[in-house]
Amino acid sequence: MIWVLLSAALAIPIIAAAYSPYLAWRDPIYILAGFAGIIGMCLLLLQPLLAGRWLPGLSPVSSRHWHRRCGLALIVAILIHVGGLWITSPPDVVDALLFVSATPFSNWGVIAMWSAFAAALLGVMRQRLNLRFRLWRLSHTGLAMVTIIGSVVHAMLIEGTMETMTKTTLCVLVLLASARTLAKLKVWDIRRRA
Amino acid sequence: MADALLSRRSLITQAAAVVATGASGLLLPARASGLAPTPSMRGGSNNYRPGAPIVNQIGGGGFWMTGTVRRAGDGAPLPGQRIQIWAHTTEGHERDPHSHGATLTDAKGEFRLEMPQIVPAFGQPHGHLAYDSGEFETVFLRPVMSSADDLTLAAHFVLQPL
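K.L.:
Whenever I open this one, the overall build of chain A confuses me. Can you help?
P.N.:
The secondary structure content of chain A amounts to eight helices and zero strands. Seen in sequence order, chain A has helices and strands lined up from the N terminus as α-α-α-α-α-α-α-α. Against the globule reference of 16 Å for 194 residues, chain A gives a C-alpha radius of gyration of 17 Å, in line with a compact fold. For chain A, the spread of C-alpha atoms along the principal axes amounts to about 60 × 40 × 20 Å. Counting the 194 residues in chain A, one finds 36% classified as buried.

K.L.:
Mind showing me how you'd approach the overall build of chain B here?
P.N.:
When its secondary structure is counted, chain B shows one helix and seven strands. When the helices and strands of chain B are listed from N to C terminus, the series reads α-β-β-β-β-β-β-β. In chain B, of all internal contacts separated by at least 6 residues, the share reaching a separation of at least 24 is 72%.

K.L.:
Can you walk me through the sheet that holds strand E1 (residues 63-71) of chain B in this structure?
P.N.:
Whether parallel or antiparallel, the strands of a sheet pair through hydrogen bonds between backbone atoms. All names here are of chain B. One open sheet accounts for three strands, arranged E4-E1-E7; its pairing is mixed. Because the sheet does not close on itself, it has two edges, and the strands there are strand E4 (110-115) and strand E7 (152-159). Each strand of the sheet is rotated relative to its neighbour by a mean of 20°, with strand direction disregarded. Sheet topology places E1 next to E4; six bridges connect them, and they run antiparallel. Bridge pairing links Met65 to Leu113 in E4.

K.L.:
Honestly, the nonpolar core in this entry has me stumped. Any pointers?
P.N.:
One broad rule of soluble globular proteins: the nonpolar side chains tend to lie buried together. Residues and elements named next belong to chain A. With 34 residues, the main nonpolar core has Met41, Leu45, Ala116 and Val174 as its most contacted residues. Elements with a minimum of two residues in this core: helix H2 (28-51), helix H3 (60-88), helix H5 (104-124), helix H7 (133-157) and helix H8 (164-185). If you tally residues by element for this core, the top one is H2, at 11 residues. Excluding residues within four positions of it along the chain, Val174 makes contact with Met41, Leu44, Leu45, Ile148 and Val152.

The rules behind these values
- Residues numbered from 1 in each chain as written.
- Chains lettered and ligands numbered in written order.
- Predicted model: local features only at pLDDT ≥ 70, side-chain atom pairs only at ≥ 80, totals over all residues.
- Helix = DSSP H or I, 4+ residues; strand = E, 2+ residues; numbered from the N terminus.
- Rg over C-alpha atoms; globule rule 2.2 N^0.38 Å.
- Buried ≥ 20, exposed ≤ 12 C-beta atoms within 10 Å, placed from the backbone.
- Contact = placed C-beta atoms within 7 Å.
- Pairing = 2+ DSSP bridges.
- Axes fitted to C-alpha atoms, helices over the stretch in contact; angles between N-to-C directions.
- Core = buried A, V, L, I, M, F, W, Y, C linked by C-beta atoms within 7 Å.

What follows is the structure, given as structure tokens:
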């Protein structure tokens, strides 16, 4: 049941965006960049669900493996998103990366991108960093929360890529999943386990 | 002492008030210049192609870009000024040469150019306009439509003589 709902929550926003009339007036590379952004948002729903081990049928180990794969997929999605936009309109992306864009949502997106890169780096480097586990987890989760909030604000302020109702629903689900996982794992408690 | 015009308390209060007024920028020098020039907007010059040709219409039309051009200071309308216009429309991306065109202001300093429907691009339905003819300071504008369904968009220039 959870899997059916989850599949619907991920597929419906993508299908709704695929029916957008604006697609007819966009180049393939611009469309690809837009959909990479939507898929990135879908991955942001999967990530807290995997981290919190909410999904039935997945063992803790496979949850963690899928969390890692989805994290790497998210980085690839961000790179395609930004790269595709760069090809479509270089000056707009340069403005965004330098935080001098005309559009306020660009700043949120760029902040979310950098904190996603940092969160992913912490994930990849976990063994080598030799941080205490709960300290590492708080850092990784903190960066992930910046990514999630930044991405949600970014997406909500944008007009023309996603359909509004499905976008709002997906964003609310991302925030709910994140909040429930934070509460379940009690990431703020960094005392050593007794 | 209670009747004194300047008690220590009133002196301190008044001094503080003067400092606060100055610091908050409420004291402005009187300006004789009148109408202030329009500053360029952020991102206004993105995908600009200098020297867009003067055209009767960009592409198939159906959408109107309108506006006025006036002189800074006295606000006099400026006829015969060349305004360049480009946008992401139903017929092309901003960077495409055929998405660009220019028009001249009439005797009242007004311009209107028919162009294809503007569609949302990079998150907002918006257009680009430039004054870049050398007689006045260059200005780039990037107005945003209040709704993507709008059939017209206006932008107003107040130009600073060089």
